[in-house]
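The chain contents come next:
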Amino acid sequence: MRWPTVLAAVLISGTASAQTAMPSGFVHLAEVNASIRQDIRYAGSRNFVGRPIAGYRAAECVLTREAAQALDRVQKSLAARGLTLVVWDCYRPASAVADFMAWSRDLSDQRQRAIFYPAVEKRTLTSDGYLSARSTHSRGSTVDLGIAPASGGWPPSGSLGPGACTAPAAQRGNEGTLDFGTAYDCFDPLSHGAARGVAREAQANRRMLALAMAAQGFRAYAKEWWHFQLRNEPFPTQTFDFPIPPRGMR
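Residues numbered from 1 in each chain as written. Predicted model: local features only at pLDDT ≥ 70, side-chain atom pairs only at ≥ 80, totals over all residues. Heavy atoms only, no water.

Take the overall build of the protein next. When helices and strands are counted, the protein shows seven helices and seven strands. Shown N-terminal to C-terminal, the secondary structure of the protein runs as helices and strands in the order α-β-α-β-β-α-β-α-α-β-α-α-β-β. Whereas a compact globule of 250 residues would reach a radius of gyration of roughly 18 Å, the protein reaches 17 Å, a difference of no more than 12%. Overall size of the protein, expressed as C-alpha extent along the three principal axes, is 50 × 50 × 30 Å. (Helix = DSSP H or I, 4+ residues; strand = E, 2+ residues; numbered from the N terminus. Rg over C-alpha atoms; globule rule 2.2 N^0.38 Å.)

Okay, structure coming up:
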């Protein structure tokens, strides 16, 4: 079956279809701007599940071409200030979303709670808006990211934790970014973009990130300071489920 036929079927149904290759319209971010740092958490075990997630065959950021080009413009605006983007997640296969939901229903698995959701009950992660059975990431134009000094070493030294994601930056381990008040993927009210109780420096960094992204057509998600969606996304009603391929492969 040719890709246009598959895409047409997805458009009509609005659901993910069986996909094996990266369709036309998607690119590896590194092919558009290789200077943007990547730390794709769901390809490894440094995440709230504690293991690699379904569909992440490579630790690569894949996005629609439009979203990648918009990030390229954000990166260039930050580079003039000695800063760089760090991306943690980009396109997310529908199979990965299903993996998250299955994990959320297993209340016996609390291995990562002390770090990623120390003050929130796992059974409420979906109702609280931190997890969803359908993710905008699966449309290919949503990205999770932060900002780091361009002069810093990469990848960052040290590891995640052992401090909670809401702990002071020095106790959370080195993510290689500016301080945003919480770690990435911190399921907690402190992660809300306008949360009270966040230090002034972290608030300023959140504003800087939000303004830089908004200037290039992204809108923020109120409950996660790191989450941005391209406003004029090319596939606003589609859900994709192709596995993330290594760079150079489709």
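For the rest of this paragraph, the subject is the state of the cysteines. Across all of its chains, the model carries two disulfides by this definition. The partner cysteine of cysteine 61 in its disulfide is cysteine 90, sulfur to sulfur 2.0 Å. Because the sign of the S-S torsion sets the handedness, a value of about -105 degrees for the bond joining cysteine 61 and cysteine 90 places this disulfide among the left-handed ones. With cysteine 61 in the loop between strand 2 (37-38) and strand 3 (62-64) and cysteine 90 in the loop between strand 4 (83-89) and helix 4 (94-105), this pair connects stretches of sequence that are 29 residues apart. Across this residue pair, the class does not change: cysteine 61 and cysteine 90 are buried. Indicated for the protein is the disulfide connectivity 1-2, 3-4, based on numbering the bonded cysteines in sequence order. (Disulfide = S-S within 2.5 Å. Buried < 20%, exposed > 50% of the residue type's maximum accessible area, 1.4 Å probe, protein only.)

Quick look at the sheet that holds strand 6 (residues 218-221) now. The mixed open sheet is built from five strands, whose spatial order is 2-4-5-7-6. Each of the sheet's edge strands pairs with one partner strand only, and the pair in question is strand 2 and strand 6. Inspection of the sheet shows strand 6 paired to strand 7 (residues 224-230) by four bridges, in the antiparallel sense. Directly across from arginine 219, in strand 7, lies its bridge partner glutamine 229. Here helix 3 (residues 65-79) sits on the sheet and contacts strand 4, strand 5 (142-149), strand 6 and strand 7; the angle it forms with strand 4, its principal contact strand, is near 145 degrees. The strands touched by helix 7 (residues 200-214) within the sheet are strand 4, strand 5, strand 6 and strand 7, with strand 5 carrying the most contacts at an inclination of about 125 degrees. (Pairing = 2+ DSSP bridges. Contact = heavy atoms within 4.5 Å. Axes fitted to C-alpha atoms, helices over the stretch in contact; angles between N-to-C directions.)

Moving on, we get to the confidence of the model for the protein. Overall, the predicted model of the protein reaches an average pLDDT of 90, with 90% of residues at or above 70. This model gives residues 1-14 a pLDDT under 50, and the stretch forms 18 contacts once residues within four places in sequence are excluded. (pLDDT = per-residue confidence, 0-100.)

A few words on the packing of aromatic side chains. Tallying each qualifying case throughout the model produces 20 aromatic pairs. Where phenylalanine 26 meets phenylalanine 235, the ring centres are 5.7 Å apart and the plane angle is 5 degrees; that geometry is what we call stacked. Taken as a pair, phenylalanine 26 in strand 1 (residues 26-28) and phenylalanine 235 in the segment after strand 7 lie far apart in primary sequence, 209 residues in all. A residue is classified by how much of its surface remains accessible, and phenylalanine 26, at 1% relative accessible area, is buried. Looking at phenylalanine 235, the relative accessible area reads 13%, which means it is buried. By the ring-pair criterion, three or more aromatic residues cluster together here, those being Tyr42, Phe48, Tyr56, Phe100, Trp103, Tyr117, Tyr130 and Phe187. The ring of tryptophan 103 carries the charged tip of lysine 122 above its face, separated from the ring centre by 3.9 Å. (Phe/Tyr/Trp six-rings, centres within 6.5 Å; stacked < 30°, edge-to-face > 60°. Lys NZ or Arg CZ within 6 Å of the ring centre and 35° of its normal.)

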